[in-house]
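# Coordinate analysis (summary)
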Amino acid sequence: MPQPAEPPGVNDLAVVAATVNGSGSQTANNAIIRAIFRMGIPVNGKNLFPSNIQGEPTWFTIRVSARGYSARPTRVPILIAFNPRTADSDLAELPPGGLCLYPGDGPWRPARADVVAVPLPVKELAAASNVEPRMRDYVANMVYVGALAALIGIELGELRAALAHHFQGKARPVEQNMAVVQAAHDWFAAQGVASPFRLRRMDANAGMILIDGNTAGALGAIFGGVSFLAWYPITPATSLADALASYLPRLRRGPDGSPTYAIVQAEDEIAALGMAVGAGWAGARAMTSTSGPGISLMTEFAGLAYFAEIPCVIWDVQRVGPSTGLPTRTAQGDLISTYFLGHGDTRHVVLLPGSVGECFDFGVSAFDLAERLQTPVFVLSDLDLGMNLWRSAPLAYPAAPMDRGKVLSAEELERLGRFVRFADPEGDGIGARTLPGNPHPLAATLSRGTGHNERNVYSERPEDWKANMDRLGRKHETARRLVPQPIIELEEGARVGIIGFGSSYDAIREARDILRAQGLPTSFMRVRALPLGEPARDFVSRHRICVVVELNQDGQLRDLLRLHCPEHAARLLSVAHSDGLPLTADLVAGAVARLL
């Protein structure tokens, strides 16, 4: 990223908007993000919202960084305090010298002399903008949009364009909201509030797009050939299914206009995966999306699909835990449970996207891997990556044709003269399969999760079970070579390596710059899939100490690395942290420094 030549505070700032769920604040915050993006300045937003009823607190953090940093900031010097229930605690987080914008006609007043507090006449500005009375509560948040625009220099033309994007060009809502923005901007500009924070146009976003990971993953699934989706609503995965339901009708219709896909909202997560497994057995590219609580309910069908060797794709947009409230916030705690999900000796293929671009790419390649390996493939994203807007290069159209794996046609069966479902002549652990509808008499087979021999005939013979498990082990070794390999950045002279996965990359990247400035160079490996392979073992062996950074409580990736290369277990240290919030660079850099 370009290094800023501007003084501190120019294109380097953070804002938190503390509002009320269901009040229209999402429209206001996304308009700010998109307007700043359109000014060519790197920007990222992180939404912290409740998974419960309307009226509960929600926080939205916006970070502007000319260097392109997108991790959650440690210190946020601008507070928009539009929720009186949380205003006191929100104000307590504001650093000295910070700026606080709040409704002057509301019940709350800030009680700190070391910050600049500006009361906004919210009701007056909303009423004076000729917005119809029933809409005033929803456009009230546009008052802080206009005030913030005047404070830091967001261009009004770009705000109008952002609102036009949000409302899909509908003139009336755009004009109603812009009227409030303009009125608040003009009022605030007349107050003469000084601010050390300003925006100045850049050209860092040329050719870039703004997109969230769930939408990118859904588009990847579409370009990967998905034809069946079964799902059950759960935060934070619902918007992935919603995106599929939005884009599939536009992108996947036959010559006669009829849909070439099916979407089923199941009665629960168990049924959702059961349907996906059935569709995958029938030859469809089938998937479901869920989060950790749903993954646990899918255990039995996941184990069945593993032992019956049926391809399907399961997206797990990770969260902290079960129930509502804080457990619905972001985490990376499903790694071990998903890798071993099932009963008995089960090990799954797990993809770990670290960007919205990889959400798209892995949305495509998950189907190829599932069909090549004839097994369920899990894609583990998280709330931060899945539900927030990120800068990204345009999503790349798949370069290679779909890989359906070892599927025998009627002509091939006729030529071979025999069909042994789980024979392994190539030594990769993968047998050839047939699909229902193949007219050849040899094509029929009965898939089962119970004990069977290589002809897929029921068996309780111990030697048949052992032979089957040995072959599944060879398949897992094949998967080590086929899954996306780690991204490795070797730093000359570095004796310390940092390892991470998924959305933790953003905090690690910034933390490495902090540590480098303190005289501690580090190498980095971003794990992108399980099972781990030789590149991971080689990276660990190269460094005296490797610190594994992850957003969970127990250091799950560190434990998997110790299982993978036990001879280097003592080199692997852990920075594991989980509180429902994305990692910060200061937290990572400080924890690494203390460990060393």
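A brief report on the enclosed structure follows.

Calculation rules
Residues numbered from 1 in each chain as written. Predicted model: local features only at pLDDT ≥ 70, side-chain atom pairs only at ≥ 80, totals over all residues. Heavy atoms only, no water. Helix = DSSP H or I, 4+ residues; strand = E, 2+ residues; numbered from the N terminus. Buried < 20%, exposed > 50% of the residue type's maximum accessible area, 1.4 Å probe, protein only. Contact = heavy atoms within 4.5 Å. Salt bridge = Lys/Arg side-chain N within 4 Å of Asp/Glu carboxyl O. 1 Å grid on protein atoms, 1.4 Å probe; cavity = no way out; pocket = protein on both sides within 12 Å on 5 of 7 lines; lining within 4 Å. Points joined across faces, edges and corners; volume = space filled by probe spheres on them. Nonpolar A, V, L, I, M, F, W, Y, C, P; charged D, E, K, R; others polar. Domains from an automatic or database assignment. Pairing = 2+ DSSP bridges. Axes fitted to C-alpha atoms, helices over the stretch in contact; angles between N-to-C directions.

### Concerning the environment of Ile209
Following the sequence through the fold, Ile209 ends up in strand S7 (residues 209-212). Its relative accessible area of 27% is what places Ile209 among the partly exposed residues. Spatially, the C-alpha atoms of Ile209 and Asn21 are 27 Å apart, while their sequence positions differ by 188 residues. If we ignore the near neighbours within four places in the chain, the residues touching Ile209 are Phe37, Trp390, Arg391, Ser392, Ala393, Pro394 and Leu395.

### Considering the pattern of salt bridges
Within this structure, the stated rule accounts for 32 salt bridges. Of the charged contacts, one joins Asp464 and Arg461 as a salt bridge, the two residues approaching to 3.5 Å between their closest N and O atoms. Residue Asp464 is classed as buried on the basis of its relative accessible area, which comes to 17%. Where salt bridges share partners, they join Arg285, Asp368, Glu371, Arg404 and Arg433 into one cluster.

### Brief notes about the layout of surface pockets
A volume near 1000 Å³ is recorded for the largest pocket. Asn30, Arg34, Asp212, Thr215 and Leu389 are, among the 38 residues lining the largest pocket, the residues nearest its centre. Contributing elements (two or more residues each) for the lining of the largest pocket: helix H1 (25-38), strand S2 (43-48), strand S3 (57-65), helix H6 (156-166), S7, helix H9 (238-251) and helix H15 (383-387). Tallied by class, the residues present in the lining of the largest pocket amount to 14 nonpolar, 20 polar and four charged. Formed jointly, the lining of the largest pocket draws a minimum of three residues from each of two domains, domain 1 (12-206) and domain 2 (211-392). Considering only enclosed or pocket space, the second largest pocket measures out at about 660 Å³ in volume. Forming the boundary of the second largest pocket are 28 residues, of which Val16, Thr61, Arg72, Glu93 and Leu581 lie nearest the centre.

### Observations concerning the sheet that holds strand S6 (residues 116-120)
The strand order across the open sheet formed by six strands is S2-S3-S1-S4-S5-S6, and the pairing between neighbours is mixed. Strands at the two margins of the open sheet, each flanked by one partner only, are S2 and S6. Each adjacent strand pair in this sheet contributes to an overall mean axis angle of 15°, direction not counted. The pairing of strand S5 (residues 99-103) with S6 spans five bridges and is classified as parallel. Its bridge partner lying in S6, Pro103 is registered against Leu120. Strands in contact with H1 are strand S1 (12-20), S2 and S3; relative to S3, the strand with the most contacts, it is inclined by about 5°.

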